[in-house]
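An overview of the molecular structure
Read off the chains here:
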Amino acid sequence: MERAFSLPQRRRRKRCCQSSTRRRGIEDILIVSGHGKRAIEDHFDSAPTLEAELRKKKKFDLLAKIEETADIRIHYIRQRYMRGLGDAILCAKAFMGDEPFAVLLGDDVVYNPDNPALRQLIDVYENRGGSVLGCQEVAMSQVSSYGIVEGEQLDGRLMRVMDMVEKPLTEEAPSRLAVLGRYIISPKIFELLEHTAPGKGGEVQLTDALKVLAKEEAVYAYAFEGLRYDLGDKLGFLKATVEFALRRKDIGEHFRRYLRNMVETF
Ligand code: G1P
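Everything in this summary refers to the structure shown in the same document. Keep in mind it's a predicted model, so treat the numbers as computed, not measured.

Definitions and limits used
Residues numbered from 1 in each chain as written. Predicted model: local features only at pLDDT ≥ 70, side-chain atom pairs only at ≥ 80, totals over all residues. Heavy atoms only, no water. Core = buried A, V, L, I, M, F, W, Y, C linked by side-chain atoms within 4.5 Å. Buried < 20%, exposed > 50% of the residue type's maximum accessible area, 1.4 Å probe, protein only. Helix = DSSP H or I, 4+ residues; strand = E, 2+ residues; numbered from the N terminus. Contact = heavy atoms within 4.5 Å. Axes fitted to C-alpha atoms, helices over the stretch in contact; angles between N-to-C directions. Parallel < 35°, antiparallel > 145°, perpendicular 65-115°, else oblique. Left-handed = near helix turned anticlockwise from the far one by under 90°. Nonpolar A, V, L, I, M, F, W, Y, C, P; charged D, E, K, R; others polar. Pairing = 2+ DSSP bridges. Salt bridge = Lys/Arg side-chain N within 4 Å of Asp/Glu carboxyl O.

**Here's the deal with the nonpolar core**
Residues Leu-133, Val-149, Tyr-183, Ile-185, Ile-189 and Leu-210 are the most contacted members of the largest nonpolar core, which totals 33 residues. A total of 5 residues in this core trace back to one element, the largest contributor, which is helix α9 (residues 206-216). In this structure, Leu-133 is in contact with Leu-121, Val-149, Val-161, Met-164, Val-179, Arg-182, Tyr-183, Leu-210, Val-219, Tyr-220, Ala-221 and Tyr-222, ignoring residues within four places of it in sequence.

So this is what it looks like as structure tokens:
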């Protein structure tokens, strides 16, 4: 399944560096989706009937939840064929223009309520420029599922990327540092992607283009803080669903009791 989300950060670097407030967010979101994923567009669309009903019933808290996303401009583009993550990013070229942008892969979810993973990458970007890849170490048995980074340690969490390999065999992995679905990428990547031949799995790999980018511009790997879930994996999806539900103020406690009961009776 192709990753559904690619998220550009439509701000010039100058503006990006302007202030240190944490208020500024991402203003435009481009979702690169594919065949059969219209539900995503419907999810973020307005729902006039539902909104009118909630207003009538004075359910203003629920109404506010719907309106929460109303200020964000969401755009959509279709990747016609599943030609890989690199190709999906290339679909966004015209939209992005000549600006650095953020990419979030929809099946990598990170829990860090105090400092979201992308915010951490933006902080690195604002200090260093270049491109920044969100990474964490994975078990050696898992390296063949990820883009793996080889780099030069700069400080505790930061590396300068020297090389990368997409889904290496365990014995070929240069490290256990995996790229986990969060990136800030220089617009130079588009030109490189246009010349990137299909790689692993016959798909155009972002990793292959990033590897070339790292030879031409600074690319950093940042070991972000946060609990990461892999929604592309059945167990990962279940873990995320259960744990996020347990964290909720409204239903968390009930859900905890329900789970305890379930575990004992099953
Ligand atoms: C993609 C990337 C890979 C990255 C991973 C993160 O792989 O190609 O480099 O480490 O996302 O989840 P995919 O999961 O699409 O196979």
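**Re the packing of helix α3 (residues 48-56) against helix α4 (residues 60-67)**
For the pair α3 and α4, the least separation of the axes is 8 Å and the interaxial angle reads 150°. Considered as vectors, α3 and α4 are oriented roughly antiparallel to each other. Relative to α4, the crossing made by α3 is left-handed. Residue-level contacts link Leu-50, Glu-51, Leu-54 and Arg-55 of α3 to Phe-60, Leu-62, Leu-63, Ile-66 and Glu-67 of α4. In terms of residue class, the contact of α3 with α4 is made up of 6 nonpolar, no polar and 3 charged.

**Focus on the pairing of strand β9 (residues 219-223)**
For β9, a buried count of 4 out of 5 residues is recorded, marking the element as mostly surrounded by other parts of the structure. Of the pairings in the sheet, the one linking strand β7 (residues 158-166) to β9 comprises 3 bridges and is antiparallel in character. Residue pairing across strands places Leu-158 opposite Tyr-222, the latter belonging to β9.

**Focus on the pattern of salt bridges**
Should their charged atoms come close, side chains of opposite charge can pair. Summed over all chains, the structure comprises 16 salt bridges. Residue Glu-126 is joined to Arg-119 by a salt bridge in which the shortest nitrogen-to-oxygen separation is 3.6 Å. Given a relative accessible area of 13%, Arg-119 falls into the buried group. The residue Asp-250 makes a salt bridge to Arg-248 at a minimum N-O spacing of 2.7 Å.

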